[in-house]
Amino acid sequence: MIRPRILLADDHNEFLEAEIALLLPHFEIVGVATDGAFLVSEVQRLNPDVVVVDITMPLMNGIDAVQMLKKSGSTARFVFLTINTGEEFVNACQEAGARGYVWKSRMKTHLIPAIHSVLENKIYVSPLTST
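Residues numbered from 1 in each chain as written. Predicted model: local features only at pLDDT ≥ 70, side-chain atom pairs only at ≥ 80, totals over all residues. Heavy atoms only, no water.

**Things to note about the overall build of the protein**
Item 1. The helix and strand tally for the protein stands at five helices and six strands.
Item 2. Element order for the protein, N to C, with α for helix and β for strand: β-α-β-α-β-α-β-α-β-α-β.
Item 3. Against the compact-globule benchmark of 14 Å for 131 residues, the protein has a radius of gyration of 13 Å, which places it among compact chains.
Item 4. A burial count over the protein gives 50% of its 131 residues as buried.
Item 5. Across the protein, every contact between residues at least 6 apart in sequence was considered, and the portion connecting residues at least 24 apart equals 57%.
Item 6. When the accessible area of the protein is evaluated, it comes to approximately 6600 Å², of which 54% is carbon and sulfur surface.
Item 7. Averaging the locations of the 11 positively and 15 negatively charged side chains of the protein gives two centres separated by 8 Å. (Helix = DSSP H or I, 4+ residues; strand = E, 2+ residues; numbered from the N terminus. Rg over C-alpha atoms; globule rule 2.2 N^0.38 Å. Buried < 20%, exposed > 50% of the residue type's maximum accessible area, 1.4 Å probe, protein only. Contact = heavy atoms within 4.5 Å. Areas by Shrake-Rupley, 256 points an atom, 1.4 Å probe, with all protein chains shown as cover. Lys, Arg positive; Asp, Glu negative; His and termini not counted. Charge placed at Lys NZ, Arg CZ, Asp CG, Glu CD.)

**Some details on the pattern of salt bridges**
Item 1. Counted by the stated rule, this structure contains four salt bridges.
Item 2. Across the pair Glu 42 and Arg 45 runs a salt bridge whose closest N-O atoms are separated by 2.9 Å. Here Glu 42 and its partner Arg 45 are both found in helix H2 (residues 36-46), three residues apart, which amounts to about one turn of the helix.
Item 3. The exposure class of Arg 45 is exposed, given its relative accessible area of 58%.
Item 4. The partner of Lys 122 in a salt bridge is Glu 120, with the nearest N and O atoms 3.1 Å apart. (Salt bridge = Lys/Arg side-chain N within 4 Å of Asp/Glu carboxyl O.)

**Points about helix H5 (residues 107-119)**
Item 1. Its 13 residues place the ends of H5 17 Å apart at the C-alpha level, agreeing with the 18 Å of an ideal helix rising 1.5 Å per residue.
Item 2. Every buried residue belonging to H5 is among Met 107, His 110, Leu 111, Ile 112, Ala 114, Ile 115, Ser 117 and Val 118, and all of these are buried.
Item 3. Those residues of H5 that are buried lie in contact with strand E1 (5-9), helix H1 (13-23), strand E3 (50-53), strand E4 (77-82), strand E5 (100-103) and strand E6 (124-125).
Item 4. Where H5 ends, the next residue or the one after it, Asn 121, has phi of about 65°, a positive value. (Expected span 1.5 Å × (residues − 1).)

**With respect to the pairing of E4**
One face of the sheet, then the other: side chains in a regular strand alternate in exactly this way.
Item 1. Taken across its six residues, E4 has five buried, putting it largely inside the fold.
Item 2. Pairing of E3 with E4, which is carried by four bridges, proceeds in the parallel orientation. By the bridge assignment, Val 50 is partnered in E4 with Arg 77.
Item 3. In terms of handedness, the path from E3 via helix H3 (residues 62-71) over to E4 forms a crossover that is right-handed. (Pairing = 2+ DSSP bridges. Right-handed = clockwise from strand over helix to strand, strands pointing away.)

**Some details on the packing of H3 against helix H4 (residues 87-96)**
Between two packed helices, the angle of one axis relative to the other and the distance separating the axes together describe the packing.
Item 1. Contact geometry for H3 and H4: axes closest at 8 Å, N-to-C directions at 20°. In terms of orientation, H3 lies roughly parallel with respect to H4. Counting all contacts with H3, which are made through Ile 63, Val 66, Gln 67 and Lys 70, the residues of H4 involved are Ala 92, Cys 93 and Ala 96.
Item 2. Looking at the contact of H3 with H4 residue by residue, the class counts come to five nonpolar, one polar and one charged. (Axes fitted to C-alpha atoms, helices over the stretch in contact; angles between N-to-C directions. Parallel < 35°, antiparallel > 145°, perpendicular 65-115°, else oblique. Nonpolar A, V, L, I, M, F, W, Y, C, P; charged D, E, K, R; others polar.)

Have a look at this one:
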């Protein structure tokens, strides 16, 4: 069975380690980026199935990076994993081309379902409250 290829983008190493620990049993982690500019080059180089990206990163924020990648023809699917809970952030991420949006506080219960949803070309926005 072919495991989906995931690229992670976040500028907090401790959080990246937690993401890798959560996702590695289910997916192939093909790369990690710690800033938006490197994210763009890594997506173009590695062509992952899904990119899990934070909004706030150095050099280029995640929203701008996703917009750039979508405009360049990237076929990757994008899931934002962020602390930003405002509806304006959800809307901005979806307008940029993301299909998934998960709050970092809900990562353990919502990130894997979000990845599976975007792989099925469905939209996934995790609720802020527990389900």
